[in-house]
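What follows is the residue order along each chain.
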Amino acid sequence: MREVAVVGIGLTEFGERWDTSFRNLFVEAGASALENAGMSGDQIDEMFVGNMSGGRFVLQEHIGALIADHAGLTKNHIPVTRVEAACASGGLAFRQAYMTVASGMQDIVIAGGVEKMTDVGGSETTDALAGAADREWEGLVGATFPGLYAMIANDYIHKYGLTREQLAAVSVKNHRNGAHNPMAQFRKEISIEAVMRSTLVADPLRLLDCSPVTDGAAAVILCPMEMAREFTDTPVKVLASSQATDTISLHDRRDFSTLDATVAAGRRAFQQASLTTKDIDLVEVHDCFTIAELCAIEDLGFCVKGEAGKLTEDGQTAIGGSIPVNTSGGLKSCGHPVGATGIKQVCEIVAQLRGEAVGRQVDAEIGMTHNVGGTGATVVCNILGV
């Protein structure tokens, strides 16, 4: 296995991108990553594209060929592969790219992700996303992701006594961070009271507990560490990349409010990197709903079960706290274009480790990402360092 580095990152602005198309979003992010690395498209050996539901959102399948064609990468006939793992599609695309470079199969590989979710109505979006759960045993009887995560939240509240204010504090903190991210969908701070007064979606989750519907794309470029300084003075090393799988349906889980795939993926990542939670300076976790961030912090081992609400309420997960969480604004404020989220998380960690996260910079040498598909059926964790 070769050591692997990230040498380029690129992001589009996240939001309701009526001004552009699905294919243009990805090309914008990819071109930005190439420019960031100071290389041309002719130097790319392979590409992996995370995308969950192009066929539902923009009626387009065969995403790999589409992206290669529109990006002008077909003349060299490089392999381009679409990767799908629900909302973990981006994280898994990164893992595939990492393994391809680490194995020696290819030298310079793009890992990207893209989703354009606003071209269809709300009910169709909800139904498309429901395909990340068990369609037969959950979706067809009316379960949606707000409803499923509300079940997780109610189980958690019953077991650990989480308060409504502590749950809201997750959203408040992430909006505070996102207000300083020029690529974020929502760049506005909010209050605990605003979260608690927002429209009830699925008790106890309210509108401001939920990540938005988002258009956006992200891309990173990986190469062997021995080549990295040909492209950048600040290469960021991939210290670990792990994946774990659990039951697709929530009702088959051992514990509703513990994502065992997160526990397993986190443990494997720490073992691979020979690190512990004490070595991590910041983490981007999958806060598709506020309860998901609290579960993630605990399941990755940053605190014991039942304490994440208090940790958040006390400011320990804020910038300047003991373990900054979601400095990008997370899915909640930055946005959640489902195929791109896992790559956006990597972009944020790389920017932080390079010292380029203006307005939200933390002192960091090692960062971690945590990307979830469904209610925890697929989890990908990555650790990066300088």
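Note: the structure precedes this text.
Draft legend 1. Layout of the overall build of the protein. Looking only at helices and strands, the protein has 13 helices and 11 strands in total. Computed over its C-alpha atoms, the radius of gyration of the protein comes to 19 Å, within 12% of the 21 Å expected for a compact globule of 386 residues. In terms of its C-alpha atoms, the protein occupies a principal-axis envelope of roughly 55 × 45 × 35 Å. Every one of the 386 residues in the protein was classed for burial, and the buried ones make up 62%. When contacts within the protein are restricted to residue pairs at least 6 apart in sequence, those whose partners lie at least 24 apart make up 77%.

Draft legend 2. Layout of the packing of helix α7 (residues 164–178) against helix α10 (residues 290–299). Interaxial distance between α7 and α10 falls to 8 Å at its minimum, and their mutual angle equals 95°. The angle between the axes of α7 and α10 places the two elements in the roughly perpendicular class. Between α7, through L167, V170, S171, K173 and N174, and α10, the contact on the second element is made entirely by T290, I291, E293 and L294. Class assignment for the residues of the contact of α7 with α10 results in four nonpolar, three polar and two charged.

Draft legend 3. Structural view of the side chain of T317. Along the chain, T317 turns up in the loop between α11 (308–313) and α12 (330–334). A relative accessible area of 0% means that T317 is categorised as buried. Once residues within four sequence positions are removed from consideration, T317 is found in contact with K173, I297, L311, T312, I323, P324 and V325.

Draft legend 4. Broad picture of the pairing of strand β8 (residues 236–245). Looking at chain direction, strand β1 (residues 4–11) and β8 are connected through two bridges and run antiparallel. Paired with A5 across the strands is K237, a residue of β8. Bridge count between β8 and strand β11 (residues 378–385): eight bridges; the pairing is antiparallel. Within β11, the residue paired with S241 across the bridge is N382.

Draft legend 5. Just the packing of aromatic side chains, in detail. Here the structure, examined in full by the defined rule, presents three aromatic pairs. Between F145 and Y149 the ring centres are 6.4 Å apart and the planes differ by 35°, which places this aromatic pair in the tilted class. One end of the pair is F145 and the other is Y149, both in helix α6 (residues 145–160) and four residues apart, which spans about a single turn. As far as burial versus exposure is concerned, F145 and Y149 are alike and both buried.

Draft legend 6. Focus on the pattern of salt bridges. Applying the stated criterion across every chain, the model contains 23 salt bridges. Between K310 and D314 there is a salt bridge, with the nearest N and O atoms lying 2.7 Å from each other. Residue K310 is classed as partly exposed on the basis of its relative accessible area, which comes to 44%. A relative accessible area of 43% places D314 in the partly exposed class. The shortest N-O distance in the salt bridge between R354 and E356 comes to 3.5 Å. Looking at R354, the relative accessible area reads 13%, which means it is buried. It is possible to trace a salt-bridge network through shared partners that takes in R17, D19 and E28.

Draft legend 7. Representation of the nonpolar core in the model. Core analysis: the biggest nonpolar cluster contains 60 residues, and Y149, I291, F302, M368 and I383 have the highest contact counts within it. The residues touching I291, leaving out its near neighbours within four places in the chain, are Y149, I152, A153, Y156, L162 and L167.

Rules used in this analysis
In this numbering scheme, every chain counts its residues from 1 along its sequence in written order. For this predicted model, a pLDDT threshold of at least 70 governs which residues receive local features, and a threshold of 80 or more governs which side-chain atom pairs are given and counted, while totals over whole chains, interfaces and linings are taken from all residues. Only heavy atoms go into the side-chain values, all of them from the structure, while hydrogens and water stay out. A run of H or I in DSSP becomes a helix once it reaches four residues, and a run of E becomes a strand once it reaches two; helices and strands are each numbered from the N terminus. Here the globule rule reads 2.2 Å times residues to the power 0.38, and the radius of gyration is calculated from C-alpha atoms. Between buried and exposed lies partly exposed: a residue is buried under 20% and exposed over 50% of the maximum accessible area for its type, with that area taken using a 1.4 Å probe on protein chains only. Residues are treated as being in contact if the distance between any of their heavy atoms lies within 4.5 Å. A fitted line through C-alpha atoms serves as each axis, taken over the contacting stretch for helices, and the angle formed by two N-to-C directions is quoted from 0 to 180°. When describing relative orientation, an angle under 35 degrees is termed roughly parallel and one over 145 degrees roughly antiparallel, while 65 to 115 degrees is termed roughly perpendicular and anything else oblique. Under the scheme applied, nonpolar residues are Ala, Val, Leu, Ile, Met, Phe, Trp, Tyr, Cys and Pro; charged residues are Asp, Glu, Lys and Arg; polar residues are all the others, including Gly. Pairing between strands is defined by DSSP: at least two bridges between the two strands are required. Only Phe, Tyr and Trp rings are paired, with Trp represented by its six-membered ring, and only when their centres lie within 6.5 Å; those with planes under 30 degrees apart are stacked, over 60 edge-to-face, the remainder tilted. Salt bridge criterion: a side-chain nitrogen from Lys or Arg within 4 Å of a carboxyl oxygen from Asp or Glu. As used here, the term nonpolar core means buried Ala, Val, Leu, Ile, Met, Phe, Trp, Tyr and Cys residues forming a set that is joined through side-chain atoms within 4.5 Å.

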